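# Structural description and commentary
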Amino acid sequence: MSSPFARKALIACLTVLLGATVLVGEPFAASPKEQLKAKAAQAQQVLQQVNTLDLQFGRAVEAWHGAQYELDKTRRQLATDRTLLRAAKQQERTALARVRARLIALYESSDEPTTISILLGSSTVSDMLGRLDAAQAISASDHRLAVAATAARSRSAATERRTRATEQRRAVAVGQMDSQRRQIGSMLTQRRQLLSSIQSQVATLKAQEARRQAVLAAQARARLAQQQELLRQQAAARAAAASRAAKPAPVTPVAPAAGTTTTTTPTTTSTSPAAPTPAPANLTGGHPEAATIAMKYLGIPYLWGGATTGGFDCSGLVMYVYAQLGISLPHYAAAQYGLGTPVARDQLQPGDLVFFDGLNHVGIYIGGGQMVHAPQTGDVVKITSLSDFGAGYVGARRI
């Protein structure tokens, strides 16, 4: 988890990066072609910024998921600690009540064996020592019980305080992650709006350029047609002149030689039997049906924190698909990576979970080196090759 200073530095760097685009103004007195080139370059620059922000936004969302996941665990532990503390306090109250009751009984009742009564009521020294030991044992037992109960209550209270402090720290972390996510999301929205504006301008310039090119092409086709017609006329004139200058010589047909026969050799084509189709690989374990289910949601838009057909993020899609198989997974890619069994890349089968980008992204393998995943803001659930992530591949799990 990054420090507040690192998060502020990240936001500052992104702000400087985005501010650089503002300096790119409208081309001054440029030709349509130069305007289009300049606008296309500006659109590419903004698109790169959008992609950078998309990556940071995805990581911020997963970090926020992780902080929320840890906070939820801490709150569940805090509830358990408080239950144990209440039980320890009750045990302490019970033990102290027994000690108080015994002290009051010793003070108020003459039936309780005091040291004087034991001395006077004993017939022998051995009898006297036995009674003293018994009375002291009862008092010592009550005292130990009270001390143990108080110690248990103290331990439970200390544990509860530590868990409560952890809860407070993690709640602050969730707030910080949420703030970072919102900041990056806001910058991403601004960049997307600028990109949309620039792309609209590029489309307008492209349309203008296309119309200009159409005019130029029509003009060029007209010129070429005129030239071709002129050449055709010139060739026809030369051919007519040549025809008048010389008559063609008569041609005598030549008969074939006697005894000459023409033999046609038939061609025999040999067809080899087709190679047998290999049998499908044997699928062992896992849930290959998850791949089929995931394919149903192709085209659904990406939505950070989404885990419904209204929109998915990467871990939300995985969670939603496996829930339909009766398997509950956390909404957190890194936590999903801790489940199931590891799978080597060359042993992947449909339904396996594949992880990328330092466990900040996850998809569902569908065979053929491809997966179904929810990529990023502005995109949709789609099929992508694992090789597109290059060295970003982390590993796989079979649930």
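First, a word on what this report is: a plain description of the structure on this page. (Residues numbered from 1 in each chain as written. Predicted model: local features only at pLDDT ≥ 70, side-chain atom pairs only at ≥ 80, totals over all residues. Heavy atoms only, no water.)

Below, the discussion takes up the environment of I399. When you line up the elements, I399 lands in the segment after β8 (393-398). Sequence separation between I399 and L339 is 60 residues; the distance between their C-alpha atoms is 6.8 Å. When residues no more than four places from it in sequence are discounted, the contact partners of I399 are G286, H287, Y322, I327, L329, L339, G340 and L353. (Helix = DSSP H or I, 4+ residues; strand = E, 2+ residues; numbered from the N terminus. Contact = heavy atoms within 4.5 Å.)

The next thing to look at is the sheet that holds strand β6 (residues 370-373). Taken together, six strands build an open sheet; the order of strands is β3-β8-β4-β5-β6-β7 and the sheet is antiparallel. Whereas interior strands pair on both sides, the edge strands pair on one side only; in this sheet they are β3 (341-342) and β7 (382-385). Bridge count between strand β5 (residues 361-367) and β6: three bridges; the pairing is antiparallel. Its bridge partner being in β6, I364 is matched across the sheet by V372. Its contacts with the sheet put helix α6 (residues 314-323) on β4 (353-356), β5 and β6, and the angle it makes with β5 is roughly 50°. (Pairing = 2+ DSSP bridges. Axes fitted to C-alpha atoms, helices over the stretch in contact; angles between N-to-C directions.)

Before going further, it helps to spend a moment on α6. In terms of residue burial, α6 counts as a mostly covered element, since seven of its 10 residues are buried. Taken as a whole, α6 has its buried residues at C314, S315, G316, L317, V318, V321 and Y322. (Buried < 20%, exposed > 50% of the residue type's maximum accessible area, 1.4 Å probe, protein only.)

Roughly 280 Å³ of internal volume is contained in the second largest pocket. Along its surface, the second largest pocket is lined by 17 residues, and L55, D357, H361, P375 and Q376 are the ones closest to its centre. Per element, the largest residue contribution to the lining of the second largest pocket is six residues, and it comes from helix α2 (residues 32-108). Per-class residue counts for the lining of the second largest pocket are six nonpolar, six polar and five charged. (1 Å grid on protein atoms, 1.4 Å probe; cavity = no way out; pocket = protein on both sides within 12 Å on 5 of 7 lines; lining within 4 Å. Points joined across faces, edges and corners; volume = space filled by probe spheres on them. Nonpolar A, V, L, I, M, F, W, Y, C, P; charged D, E, K, R; others polar.)

Looking now at the pairing of β6. Taken together, β5 and the strand that follows it, β6, pair antiparallel across an intervening segment of two residues, in which G368 is found at a positive phi of about 65°. Bridge count for β6 against β7 is four bridges, and the pairing is antiparallel. Bridging from a neighbouring strand, Q370 pairs with S385 of β7.

Our next topic: a nonpolar patch on the surface. A contiguous nonpolar surface patch, about 220 Å² in accessible area, is contributed by M295, L298 and I383. Mapped onto the elements of the fold, L298 is located in the loop between α5 (289-295) and β1 (307-308). Looking at L298, the relative accessible area reads 35%, which means it is partly exposed. (Patch = residues over 30% accessible without salt bridge, like charges linked within 9 Å, V, L, I, M, F, W, Y side chains within 5 Å. Areas by Shrake-Rupley, 256 points an atom, 1.4 Å probe, with all protein chains shown as cover. Salt bridge = Lys/Arg side-chain N within 4 Å of Asp/Glu carboxyl O.)

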